[in-house]
Amino acid sequence: STSYTAHFRVWRGDIDGGGLTDFEVEVHEGEVVLDIVHRLQATQAPDLAVRWNCKAGKCGSCSAEINGRPRLLCMTRMSVFERTETVTITPLRAFPIVRDLVTDVSYNYAKAREVPAFVPPQDLGPGEYRMQQEDVERPQEFRKCIECFLCQDTCHVVRDHEENKQAFAGPRFLMRVAELDMHPLDAAEETGLDRKTTAQDEHGLGYCNITKCCTDVCPEHIKITDNALIPLKERAADRKYDPIVWLGNKIRRR
Ligand code: SF4
Ligand code: F3S
Ligand code: FES
């Protein structure tokens, strides 16, 4: 049949504590996990807190953990689970609980603010920017980010290590540093801002040991590790350990 009753287990509580609550809930063909959460709100748990907006995998709001894996509730089809399987939904583990499935993701906004913006070239006016097509295309992948923070949640550097949050920007914001550092027109260096050095010293690039868990959970399938973090590490290492490369880069940029 097309409908069945599923076993759900949902974390409920707040900053003071909580636990898993069991539900039996109806599932219809074609539904996603967010549909089931909405059905729970409509029928059994009207005060169940969940954050969502678009139900189309585009707003990045409905991030949670399903059977321990960081995922978007609206993009996880019920058909990926066995009908007899218990589906457990818990809030993002790396961030403080607000209530039920809602967490306080302000760590991410704080980290976003720590990345200095693009510095426009001083000697070019509007309309005078010229870039190679490959330099235009490379960051387009990074710009697909919907800021769901699933990568930030899963990265082991902070997942169970609150103490690393101060020093580590996380994959999403190291990717942003990489994007700016690759930008041929970014004039940060002329203002004394070396993005390769700050990637290490201020955004904690060295904490990343390229486990790629971030890439594995990204709903936009951005190759965060291979296309942003590893290239940034290579560029930062060149800068740090090879004065000739460093000098060469300096001269080439002029
Ligand atoms: Fe989400 Fe991917 Fe952006 Fe990380 S890089 S915040 S996983 S869309
Ligand atoms: Fe973390 Fe991704 Fe690096 S999961 S360790 S940022 S490759
Ligand atoms: Fe917008 Fe899921 S509700 S991404």
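Bear in mind the structure is a predicted one, so any value in this text is a computation, not a measurement.

Here we take up the overall build of the protein. Looking only at helices and strands, one finds 10 helices and 7 strands in the protein. By principal-axis analysis of the C-alpha atoms, the protein measures approximately 65 × 40 × 30 Å. Residues classed as buried in the protein amount to 31% of the 254 residues present. Excluding contacts between residues fewer than 6 apart, the proportion of contacts in the protein whose partners are at least 24 apart in sequence is 64%.

Here we come to unusual backbone geometry. A positive phi angle, near 50°, is found at D100, a position not held by glycine. With respect to the helices, strands and loops of the structure, D100 is situated in the loop between β6 (97–99) and β7 (102–103). A positive phi angle, near 70°, is found at K212, a position not held by glycine. Tracing the chain through its elements places K212 in the loop between α7 (195–201) and α8 (213–217).

Right, let's talk about the site of ligand 2 for a bit. The environment of ligand 2 is made up of C155, V157, P171, C208, N209, I210, T211, K212, C213, C214, T225 and L229. Breaking the shell around ligand 2 down by element, the ones donating at least two residues are α8 and α9 (224–241). Looking at the shell around ligand 2, its residues break down into 8 nonpolar, 3 polar and 1 charged.

Right, let's get into the pairing of strand β5 (residues 86–90). Side chains of β5 alternate between two faces, with V87 and I89 buried and T86, T88 and T90 left unburied. Sheet topology places strand β3 (residues 63–66) next to β5; 2 bridges connect them, and they run antiparallel. Residue pairing across strands places E65 opposite T90, the latter belonging to β5.

Bringing the site of ligand 1 into the picture now. Near ligand 1 lie 14 residues; those nearest to it are C145, C148, L150, C151 and C218. In terms of residue class, the shell around ligand 1 is made up of 11 nonpolar, no polar and 3 charged.

Moving on to helix α6 (residues 171–182). In this model α6 runs 16 Å from its N-terminal to its C-terminal C-alpha over 12 residues, within 8% of the 16 Å that 1.5 Å per residue would give. A large share of α6 lies buried, amounting to 11 of its 12 residues. Buried residues of α6: P171, R172, F173, L174, M175, R176, V177, A178, E179, L180 and D181, and no others.

Here we come to the confidence of the model for the protein. Residue-level pLDDT values for the protein average 94, and 94% of them are 70 or greater. Across the interface, the model reports ipTM at 0.99; the global pTM reads 0.92.

As a further point, take helix α1 (residues 33–43). For α1, every residue scored as buried is listed here: V33, I36 and V37. Summarising the axial view, the buried residues of α1 lie within an arc of 100°, below the 170-degree limit, and thus occupy one face. Within α1, the exposed residues directed more than 90 degrees away from the buried face are A42 and T43. Of the surrounding elements, those touching the buried residues of α1 are β1 (4–14), β2 (17–27), β3 and β5.

Looking now at the environment of D104. Within the secondary structure, D104 sits in the loop between β7 and α2 (106–113). Sequence spacing of D104 and R235 is 131 residues, and the spatial spacing of their C-alpha atoms is 33 Å. Not counting residues within four places of it along the chain, the set of residues in contact with D104 comprises F95, P96 and V98.

Positionally, D160 belongs in the loop between α5 (156–159) and α6. The class for D160 is exposed, based on 9 C-beta atoms found within 10 Å. As for D160 and R93, which are separated by 67 residues in sequence, their C-alpha atoms are 8.0 Å apart.

A separate point is the nonpolar core. Residues C151, L174, M175, I224, A228, L229 and L232 are the most contacted members of the largest nonpolar core, which totals 52 residues. A per-element tally of this core places α6 first, with 6 residues.

What follows deals with the pairing of β1. Taken together, the 11 bridges between β1 and β2 define a ladder with antiparallel strand orientation. Counterpart to D14 in the pairing with β2 is G17. From the end of β1 to the start of β2, which pair antiparallel, there are 2 residues. Sheet topology places β1 next to β5; 4 bridges connect them, and they run parallel. Residue pairing across strands places F8 opposite V87, the latter belonging to β5.

The rules we used
- Residues numbered from 1 in each chain as written.
- Chains lettered and ligands numbered in written order.
- Predicted model: local features only at pLDDT ≥ 70, side-chain atom pairs only at ≥ 80, totals over all residues.
- Helix = DSSP H or I, 4+ residues; strand = E, 2+ residues; numbered from the N terminus.
- Buried ≥ 20, exposed ≤ 12 C-beta atoms within 10 Å, placed from the backbone.
- Contact = placed C-beta atoms within 7 Å.
- Near = placed C-beta within 6 Å.
- Nonpolar A, V, L, I, M, F, W, Y, C, P; charged D, E, K, R; others polar.
- Pairing = 2+ DSSP bridges.
- Expected span 1.5 Å × (residues − 1).
- pLDDT = per-residue confidence, 0-100.
- Arc of directions from axis to C-beta.
- Core = buried A, V, L, I, M, F, W, Y, C linked by C-beta atoms within 7 Å.

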